[in-house]
Amino acid sequence: MKNKKTTPEYLWASLKWPEIEERLKIVDTAILPCGAIEQHGPHLPLDVDYFDSYYMAQRVAEACADPKPFVLPPLPYGVSYHHSEFKGTICVSNNALSALVYDIGMSLAENGIKKIVILNGHGDNAPTLKYAAQMINRDARIFVCVETGETSDIDIYNMIDTHNDIHAGEVETSTTLAIRPELVDMDKAIDGTLDFNNEYLDFTSERGVSWYAHTKRLSKSGVMGNATLASAEKGKKIWGLMIKNMTEFVETIKNTAVDELYQNKY
Ligand SMILES: [Zn+2]
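Nothing here was measured: the structure is a model prediction, and the numbers come from that model. (Residues numbered from 1 in each chain as written. Predicted model: local features only at pLDDT ≥ 70, side-chain atom pairs only at ≥ 80, totals over all residues. Heavy atoms only, no water.)

Each helix and strand in the chain was counted, giving nine helices and four strands. At 19 Å, the chain has a C-alpha radius of gyration in line with the 18 Å of a compact globule built from 266 residues. On the principal axes, the C-alpha backbone points of the chain span a range of 55 × 50 × 35 Å. Within the chain, buried positions represent 47% of all 266 residues. Sequence-distant contacts, at least 24 apart, represent 78% of the contacts inside the chain between residues at least 6 apart. Approximately 13,900 Å² of the chain is accessible, and the part contributed by carbon and sulfur atoms is 52%. Computed over 26 positive and 37 negative side-chain charges, the separation of the two mean positions in the chain equals 5 Å. (Helix = DSSP H or I, 4+ residues; strand = E, 2+ residues; numbered from the N terminus. Rg over C-alpha atoms; globule rule 2.2 N^0.38 Å. Buried < 20%, exposed > 50% of the residue type's maximum accessible area, 1.4 Å probe, protein only. Contact = heavy atoms within 4.5 Å. Areas by Shrake-Rupley, 256 points an atom, 1.4 Å probe, with all protein chains shown as cover. Lys, Arg positive; Asp, Glu negative; His and termini not counted. Charge placed at Lys NZ, Arg CZ, Asp CG, Glu CD.)

Assignment of secondary structure puts aspartate 202 in the loop between helix 6 (170–179) and helix 7 (215–218). In this structure aspartate 202 is buried but unpaired, with arginine 207 as the nearest side chain of opposite charge at 11 Å. Among the polar contacts listed, one links the side chain of aspartate 202 to the side chain of histidine 163, at a separation of 2.8 Å. Apart from residues lying up to four places away in sequence, aspartate 202 is in contact with His163, Asn164, Asp195, Phe196, Asn197 and Gly208. (Salt bridge = Lys/Arg side-chain N within 4 Å of Asp/Glu carboxyl O. Polar contact = N/O pair within 3.5 Å; in protein donor to acceptor, adjacent residues only side chain to side chain.)

All right, on to the coordination of the zinc ion then. For the zinc ion, every protein donor is listed as His40 (NE2), Asp49 (OD) and Glu172 (OE), and the spread of their distances is 1.9 to 2.1 Å. Positions of the donor residues of the zinc ion, expressed as sequence spacing, correspond to H-x8-D-x122-E. Within this pair, whereas histidine 40 is found in the loop between strand 1 (29–34) and helix 2 (48–63), its partner glutamate 172 is found in helix 6, the two being separated by 132 residues in sequence. The two residues histidine 40 and glutamate 172 agree in class, both being buried. (Donors = N, O, S within 2.8 Å, 3.2 Å for Na, K, Ca; no water.)

Attention now moves to the side chain of threonine 148. Residue position: threonine 148 is located in the loop between strand 4 (143–147) and helix 5 (153–159). One polar contact links threonine 148 to asparagine 120, side chain to side chain, over a distance of 3.1 Å. In this structure threonine 148 touches Asn120, His122, Gly123, Ala126 and Asp153, once residues within four positions along its chain are discounted.

Here we come to the pattern of salt bridges. Overall, the coordinates contain twelve salt bridges when judged by the stated rule. A salt bridge links lysine 25 to glutamate 22; its shortest N-O distance comes to 2.7 Å. Accessibility expressed as a relative area gives 60% for lysine 25, which makes it exposed. For glutamate 22, a relative accessible area of 46% corresponds to the partly exposed category. Taking the shortest distance from any N to any O, the salt bridge between glutamate 248 and lysine 244 comes out at 3.5 Å. With glutamate 248 and lysine 244 both in helix 8 (residues 232–255) and four residues apart, the pair spans about one turn of that helix. When its relative accessible area of 47% is taken as the criterion, glutamate 248 is described as partly exposed.

Right, let's get into the pairing of strand 4. Most of strand 4 is tucked away, with five of its five residues classed as buried. Burial of strand 4 is two-sided: the residues Phe143, Cys145 and Glu147 facing one way and the residues Val144 and Val146 facing the other way are all buried. Where strand 3 (residues 115–120) lies against strand 4, five bridges are found, and the strand directions are parallel. Pairing of lysine 115 across the sheet is with phenylalanine 143, part of strand 4. Note that the unit made of strand 3, helix 4 (residues 126–140) and strand 4 has a crossover that is right-handed. (Pairing = 2+ DSSP bridges. Right-handed = clockwise from strand over helix to strand, strands pointing away.)

If you look at the biggest cluster of nonpolar residues, it comprises 25 residues, and the most contacted ones within it are Trp12, Phe70, Val101, Ile113 and Ile118. Those elements that place two or more of their residues in this core are strand 1, helix 3 (94–111), strand 3, helix 4 and strand 4. Take this core: its biggest share by element is four residues, from helix 4. In contact with phenylalanine 70, other than residues within four places in its own chain, are Tyr10, Trp12, Leu15, Ile20, Arg23, Leu24, Val27, Thr29, Ala30, Ile31 and Ile113. (Core = buried A, V, L, I, M, F, W, Y, C linked by side-chain atoms within 4.5 Å.)

Rendered as structure tokens:
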């Protein structure tokens, strides 16, 4: 029995049912990490979005005050049809993902969860997850939100040197170098920066209009951004910022009663 590891109390799937029943009396907030298994250029592993969303959810829960929000098991697969011309990519349909997230949300509501924070590590899941969130809200009347980097993106774009860094570029290569350097092949990192010279078409522009493309038509390597500018130091800074901002957001949600969140005062 010596060296028995203690399980963090916020990991939903590691608890026993009576433990969950007790914790549900003091915690009504759960984080659902969502990712993807898809190409991330010739230098990064396929699981970046999946691994990072779960890593982030756990760091955020750790940083939260007691009682910490629940962290649910992460969903590995996402809407990645646009990367399917690159081997290794595994794609599920928008319908399958939204149906799964809807069922998980309804089941959480039945358990007594009143607030769900969907922590999305893959931008192209966003419309599908927002659709599922609306359906959960419609049917269970609980608070549901989807975070796809909104709490930090604006700061990150100001911190980095690449314009339009979208996929497997400066940001994702840096964040992976910071936590899993052994999985990054910097010899194969390239500059695949896209510039549409149009603030409405640029993916990271505040005035950008959503549009969709199969990645291979934009980039032969699968990189959209400048991976050569990545460093572990930048990655550590980006993680620090993302975890801090997301923790502030989750704390607000956790500490505010649902009725108060809706501001139904007048
Ligand atoms: Zn990614």
